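# Coordinate analysis (summary)
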Amino acid sequence: MAGTTTDPAAGERLRRWRLVLGGDAADGTGHALSGQDTAMDGALAALYGTADGPRAGGDRSAALGASAPSVARWLGDIRTYFPASVVQVMQRDAIDRLGLATLLLEPEMLEAVEADVHLVGTLLSLDKAMPETTKETARTVVRKVVRDLEERLATRTRATLTGALDRGARVSRPRHHDVDWTRTIAANLRHYLPEHRTVVPERLIGYGRASRSVRKEIVLCVDQSGSMAASVVYASVFGAVLASVRAVDTRFVAFDTAVVDLTDRLDDPVDVLFGTRLGGGTDINRALAYCQSRITRPTETVLVLISDLYEGGIRDEMLQRVAAMKASGVGFVALLALSDDGAPAYDREHAAALAALGVPAFACTPDLFPEVMAAAIEKRPLPVPDAG
């Protein structure tokens, strides 16, 4: 393949392939880099050109090593040359591929990174090893991410949830703007007048406004094993938002092989997050036993289990417990993940067993979660995403 071309589009393709392939003569592009492209190539080589992750470009020998100054410079470089979404991916790769998590224990390193949900998960997993000089910086980083998530998710969640609570308060003599026309028409179809092409309703069906008293109870039962880090972050934000709705009593329970009730921290999702301890095993049965013992109004309760279902406890007892709660009237929702990360890894056998009990298990994006909760509150079919 020629190294020069008069076609601008072809030249741009060669440039991009050169950056991707790494510059070994065997890459076949014959394209030389200059200026900012050289710096971009160096930033990529430092992460992806190491022995830990071989590249086609064997001559790219730059590396980050374990030097905090070099990592800090690299973080500054990638923020200069790449958009934030790409920076976040490269940061995650650096932590996973090069073992740089411990460098995040240094305050100056935290100040240099691009904060996102995955970085928060990493910081939470390092919490016990974090020196006091770093903890305040870490909380600042976590608070920024949480605040951004709340701004994105809170308004729609409250509006959707309040609407579901209002629709759940059915009345027989509704005001005009409270008439549920879909149900009213369905109930009065026998009074259809073909000559007028209309239905004359003899009975109106509507919904009143939810009172200020507690109408529903929601239990978030959240798996805090290491693979669920992003889900824990989103769940803590949603827990705080749900707790702010006066007509809902929200409980937040985190678990691994032990169970911790973080309900009293729901006024601040950052406190909830630092009350978790990412990692360890999983005992879903023990967590569900605790939640079950706290349910006092089963027909008015929705329990949301957020877990990849890799159970380390007593499987049959877990399923029996789910069946018992369903039989008592508890609305049960199983989310394999609450994140934007795509298809999660999960225990398919346990997911199928839950489905056989009438509990579909599916991954849920944060944007879909309000609709899932609304459907559960109204006791209608859940908006399960298409598996295809």
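For the structure itself, consult the block above.
Note that the structure is a prediction, hence the values are computed from the model and not measured.

## Focus on the overall build of the protein chain
Assigned secondary structure in the protein chain consists of 14 helices and 10 strands. Across the protein chain, every contact between residues at least 6 apart in sequence was considered, and the portion connecting residues at least 24 apart equals 73%. Of the accessible surface of the protein chain, which amounts to about 18700 Å², a share of 52% is contributed by carbon and sulfur atoms.

## A closer look at empty space enclosed by the protein
Scanning the model with the defined rule gives 1 cavity of 30 Å³ or more in all. Of the pockets and cavities examined, the largest cavity occupies roughly 110 Å³. The wall of the largest cavity is formed by Val71, Trp74, Leu75, Gln91, Ala94, Ile95, Leu100, Leu103, Leu104, Met109, Val113 and Leu119. Of all the secondary-structure elements, those providing two or more residues to the lining of the largest cavity are α3 (68-81) and α4 (84-98). In terms of residue class, the lining of the largest cavity is made up of 11 nonpolar, 1 polar and no charged.

## What about the layout of surface pockets?
Estimated volume of the largest pocket: approximately 430 Å³. Forming the boundary of the largest pocket are 23 residues, of which His118, Ser227, Ala229, Ala230 and Asp341 lie nearest the centre. Counting only elements with at least two residues in the lining of the largest pocket, the list comes to α4, α6 (117-125), α9 (229-243) and β9 (331-338). Taken together, the residues of the lining of the largest pocket sort by class into 9 nonpolar, 9 polar and 5 charged.

## Side note on the nonpolar core
If you look at the biggest cluster of nonpolar residues, it comprises 82 residues, and the most contacted ones within it are Trp74, Leu123, Phe252, Val304 and Phe369. Among the elements that take part in this core, helix α7 (residues 132-168) stands out by supplying 10 residues, more than any other. Val253, Phe255, Leu319 and Leu354 belong to the second largest nonpolar core, which has 25 residues in total.

Conventions we followed
- Residues numbered from 1 in each chain as written.
- Predicted model: local features only at pLDDT ≥ 70, side-chain atom pairs only at ≥ 80, totals over all residues.
- Heavy atoms only, no water.
- Helix = DSSP H or I, 4+ residues; strand = E, 2+ residues; numbered from the N terminus.
- Contact = heavy atoms within 4.5 Å.
- Areas by Shrake-Rupley, 256 points an atom, 1.4 Å probe, with all protein chains shown as cover.
- 1 Å grid on protein atoms, 1.4 Å probe; cavity = no way out; pocket = protein on both sides within 12 Å on 5 of 7 lines; lining within 4 Å.
- Points joined across faces, edges and corners; volume = space filled by probe spheres on them.
- Nonpolar A, V, L, I, M, F, W, Y, C, P; charged D, E, K, R; others polar.
- Core = buried A, V, L, I, M, F, W, Y, C linked by side-chain atoms within 4.5 Å.
- Buried < 20%, exposed > 50% of the residue type's maximum accessible area, 1.4 Å probe, protein only.

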